[in-house]
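# Report on the structure
Below, each chain spelled out in residue letters.
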Amino acid sequence: MQNDRNIVNLALIGFMGTGKTSVGRLVAEHLGYEFLDTDELIQTATGRSITDIFAQDGEPAFRALEQRVVQELAGRRHTLISTGGGLPLHAPNLTSLKQHALVVCLWASPEKIWERVCHQSHRPLLHAPDPRAKIHELLALREPFYKQADVLVNTDLRTMREVTHQVVHQYRYALNHQ
Ligand code: S3P
């Protein structure tokens, strides 16, 4: 682990539908950490839904709000930070998170992601004529960014409980070896 890092938080990154929010809540419970979700922080700060921000102001405006939230998180301690799926594409976001958090990516295949999100409708990027193709396209584009995480956990064949234990284990290991 690079020594310019002071790991006091755990951040989950990964594509939509990989379980960041559900696993994040369980991990936070295990560690006795506060749970924060960047999408929720944006919604609370603006009083608007993510769908509304995308529709009214466009994606660049949403990304600017995301960047602001990441900067505000730099002062946190003992926090589980669950992030929106597109957040690590802006390199400074990942650099900032890595200064204070172990960054764990939850990975899933496009097929599994589709299985998990096909009955949900709150993600503007998947309001596409062919959402399945959109998942393939976005995941291929984002893979190099997700792979910059400290730890990659494949969620395809694991239960939420197993993923939670993996993440907790990796975090405790990182704390003991920094
Ligand atoms: C996005 C993922 C969403 C949310 C927004 C954009 C993305 O969060 O931030 O709809 O670009 O992948 P989840 O990953 O929590 O669904």
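Below, the structure is looked at part by part. Here the structure is a predicted model, which means the values were calculated and not measured.

A tally of regular secondary structure across the protein gives eight helices and five strands. What you see in the protein, going N to C, is helices and strands ordered as β-α-β-α-α-α-β-α-β-α-α-β-α. Buried residues in the protein amount to 47% of all 178 residues. Restricting to contacts in the protein with at least 6 residues of sequence separation, those with at least 24 account for 76%. Approximately 9,100 Å² of the protein is accessible, and the part contributed by carbon and sulfur atoms is 50%. Treating the 19 positive side-chain charges of the protein as one cloud and the 19 negative ones as another, the clouds have centres 4 Å apart.

A few words on the pattern of salt bridges. Counted by the stated rule, this structure contains nine salt bridges. Across the pair Glu40 and Arg25 runs a salt bridge, and its minimum N-O distance is 3.1 Å. Here Glu40, found in helix 2 (residues 38-46), pairs with Arg25, found in helix 1 (residues 20-31); they are 15 residues apart in sequence, far enough to count as distant. With its nearest N and O atoms 2.8 Å apart, the salt bridge here joins Asp57 to Arg48. Look at Arg48 and you get partly exposed, because its relative accessible area is 25%. A single network of salt bridges, built from pairs that share partners, joins Arg48, Asp52 and Asp57.

This next bit is on helix 3 (residues 50-57). Taken together, the buried positions of helix 3 are Ile50, Ile53 and Phe54. Mapping the buried residues of helix 3 onto a view down its axis gives an arc of 95°, with all of them on the same face. Counted as exposed and oriented over 90 degrees from the buried face of helix 3: Ala55 and Gln56. Where the residues of helix 3 are buried, they touch helix 2 and helix 4 (59-73). Of the residues flanking the end of helix 3, it is Gly58, one or two places downstream, whose phi is positive at about 90°.

Another point: the sheet that holds strand 5 (residues 151-154). With parallel pairing, the five strands of this open sheet are ordered in space as 2-3-1-4-5. In this open sheet, the two strands that pair with only one neighbour each are strand 2 (34-37) and strand 5. The mean angle between the axes of side-by-side strands here comes to 25°, regardless of whether they run parallel or antiparallel. One ladder, built from four bridges, connects strand 2 with strand 3 (residues 79-82); its direction is parallel.

Of all the positions in helix 6 (residues 110-117), only Pro110, Ile113 and Val117 are classed as buried. Buried residues of helix 6, viewed axially, fall in a sector of 60°; they line one side. Lining the buried residues of helix 6 we find helix 7 (131-146).

About the criteria used
Residues numbered from 1 in each chain as written. Predicted model: local features only at pLDDT ≥ 70, side-chain atom pairs only at ≥ 80, totals over all residues. Heavy atoms only, no water. Helix = DSSP H or I, 4+ residues; strand = E, 2+ residues; numbered from the N terminus. Buried < 20%, exposed > 50% of the residue type's maximum accessible area, 1.4 Å probe, protein only. Contact = heavy atoms within 4.5 Å. Areas by Shrake-Rupley, 256 points an atom, 1.4 Å probe, with all protein chains shown as cover. Lys, Arg positive; Asp, Glu negative; His and termini not counted. Charge placed at Lys NZ, Arg CZ, Asp CG, Glu CD. Salt bridge = Lys/Arg side-chain N within 4 Å of Asp/Glu carboxyl O. Arc of directions from axis to C-beta. Pairing = 2+ DSSP bridges. Axes fitted to C-alpha atoms, helices over the stretch in contact; angles between N-to-C directions.

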